[in-house]
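Residue strings, one per chain:
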Amino acid sequence: MLRTLIEQAQRLPGEVEALIRQAAETKQRLHDLLQDRAKLEAQVAGEVANESNGDGKKKYPNEEARKAEIARRLQANEIYQANDEVIRKAREAVVDLEARLDRSRYEHRTATALLNLLAAAIQTGRQDVEEAVLTRQAVEPEEQKAGARKKFTEAVKEVANGNGLKEAKVKVLEAKPGKSEGTIRAYCEMEGGEKVAVYGKNGTGKKLAGAIGELVAVKFKEMDHGWFAVAVN
């Protein structure tokens, strides 16, 4: 209804601003975490490189041996492993915030465009357009959510022993670089016709970018406003 459009047009700019701030803070935290990890890696690498046997010779004389020992020590380092897990969660948080930000911006643009269309229809006496805009807004939100959830349930399956991962087949409609380095944001269509934003990092992102117009199987973690793909086939 008209009240809903006005409420969205008034509320969403503040929501967009808040999400921008949250995304910036999370990215800064991720940057700091990555720096801490790099310092710890450099510290361990230095220790391994300088370690000697009792006879004064280097304990790990070749690069392969040094790399293997560095990897072993980092794997056993509780601080490093805890930092790595926090980094993973921070990266997921950045992707999630950017997805929510895109959604809020889209909803604001849509509400503004519909209000402008409604105003023009009233001024020109186009009652058919006016009714079409208002009817579009008259669908009950819970009804919309129930329909979307039904389509999602029919198209998506749980991955066996996947620790919460899900999988579905989607058609990649378009893909472009995301805001974080190495991320691809693809807009896809599910088998039930529902559209969804799918985010992929590095190799997974490249597969999404190279599959425009194709049907692909995606294993993903569901976020508030999209999917974070862990595998694309």
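These numbers come from a predicted model, not from an experiment. (Residues numbered from 1 in each chain as written. Predicted model: local features only at pLDDT ≥ 70, side-chain atom pairs only at ≥ 80, totals over all residues. Heavy atoms only, no water.)

### Here we look at the overall build of the chain
Note the following rule: Think of it this way: any DSSP run of H or I at least four residues long counts as a helix, any run of E at least two long counts as a strand, and we number them from the N terminus. Relative accessibility thresholds used throughout: buried, under 20% of the residue-type maximum; exposed, over 50%; partly exposed, between the two (1.4 Å probe, protein chains only). For this analysis, residues touch if any pair of their heavy atoms sits within 4.5 Å. Residue burial considers only the protein chains on display, and all accessible areas are found by Shrake-Rupley using a 1.4 Å probe.
Along the chain, the regular secondary structure elements total 6 helices and 6 strands. The secondary structure elements of the chain, listed N-terminal to C-terminal, are α-α-α-α-α-β-β-β-β-α-β-β. By residue count, 32% of the 233 residues in the chain fall in the buried class. Pairs at least 24 apart in sequence give 58% of the contacts found in the chain among residues at least 6 apart. Just so you have it, the chain exposes about 14600 Å², and 51% of that area is on carbon and sulfur atoms.

### A word on the pattern of salt bridges
Applied cut-off: Take a side-chain nitrogen of Lys or Arg and a carboxyl oxygen of Asp or Glu: if they are within 4 Å of each other, that pair is a salt bridge.
Under the definition given, this model contains 16 salt bridges. A salt bridge links R72 to E69; the nearest nitrogen and oxygen atoms lie 2.7 Å apart. Linking R72 with E69, this pair stays in helix 2 (residues 63–76), spanning 3 residues, or about one helical turn. A residue is classified by how much of its surface remains accessible, and R72, at 49% relative accessible area, is partly exposed. A single network of salt bridges, built from pairs that share partners, joins E51, K59, E69, R72 and R73.

### Thoughts on the pairing of strand 4 (residues 195–201)
Using the following cut-off: By this definition, two strands are paired if DSSP reports at least two bridges between them.
With 5 of 7 residues buried, strand 4 lies mostly within the body of the structure. The pairing of strand 3 (residues 183–190) with strand 4 spans 7 bridges and is antiparallel. Paired with C188 across the bridge in strand 4 is V196. Note: strand 4 against strand 6 (residues 226–232), 2 bridges, orientation parallel. Looking at strand 6, one finds that V198 is bridged to W227.

### Concerning unusual backbone geometry
Backbone geometry places N202, a non-glycine residue, at a positive phi of 50°. By the element assignment, N202 lies in helix 6 (residues 202–209).

### Points about helix 1 (residues 2–50)
Three or four residues apart is the spacing at which side chains of an α-helix point the same way, because the helix has 3.6 residues per turn. As a reminder, the rule being used: Each helix should span, by expectation, one fewer than its residue count multiplied by 1.5 Å. One fitted axis covers the seven residues ending at a residue, a second covers the seven starting there, and the bend at that residue is the angle between these axes.
Along its 49 residues, helix 1 runs 71 Å from first to last C-alpha, staying within 8% of the 72 Å computed at 1.5 Å per residue. Along helix 1, the helix axis deviates most sharply at R11, where the bend reaches about 30°; the proline P13 sits within four residues downstream.

### Remarks on the packing of helix 1 against helix 3 (residues 78–124)
Worth spelling out the cut-off: For helices, the fitted line uses only the C-alpha atoms of the stretch in contact; every axis is such a line through C-alpha atoms, and the angle between N-to-C directions lies from 0 to 180 degrees. Here the angle decides the label: under 35 degrees means roughly parallel, over 145 means roughly antiparallel, 65 to 115 means roughly perpendicular, and every other value means oblique. Throughout, a crossing is termed right-handed when the near helix is turned clockwise from the far one, and left-handed when it is turned anticlockwise from it by less than a right angle. In this count, Pro and Cys sit with the nonpolar residues alongside Ala, Val, Leu, Ile, Met, Phe, Trp and Tyr, while Asp, Glu, Lys and Arg are called charged and the others, Gly among them, polar.
Where helix 1 meets helix 3, the axes come as close as 7 Å, and the angle between the chain directions of the two elements is 160°. Relative to helix 3, the element helix 1 is oriented roughly antiparallel. The element helix 1 and its partner helix 3 pack so that their crossing is left-handed. Taken together, the residues that form the contact of helix 1 with helix 3 break down as 27 nonpolar, 6 polar and 12 charged.

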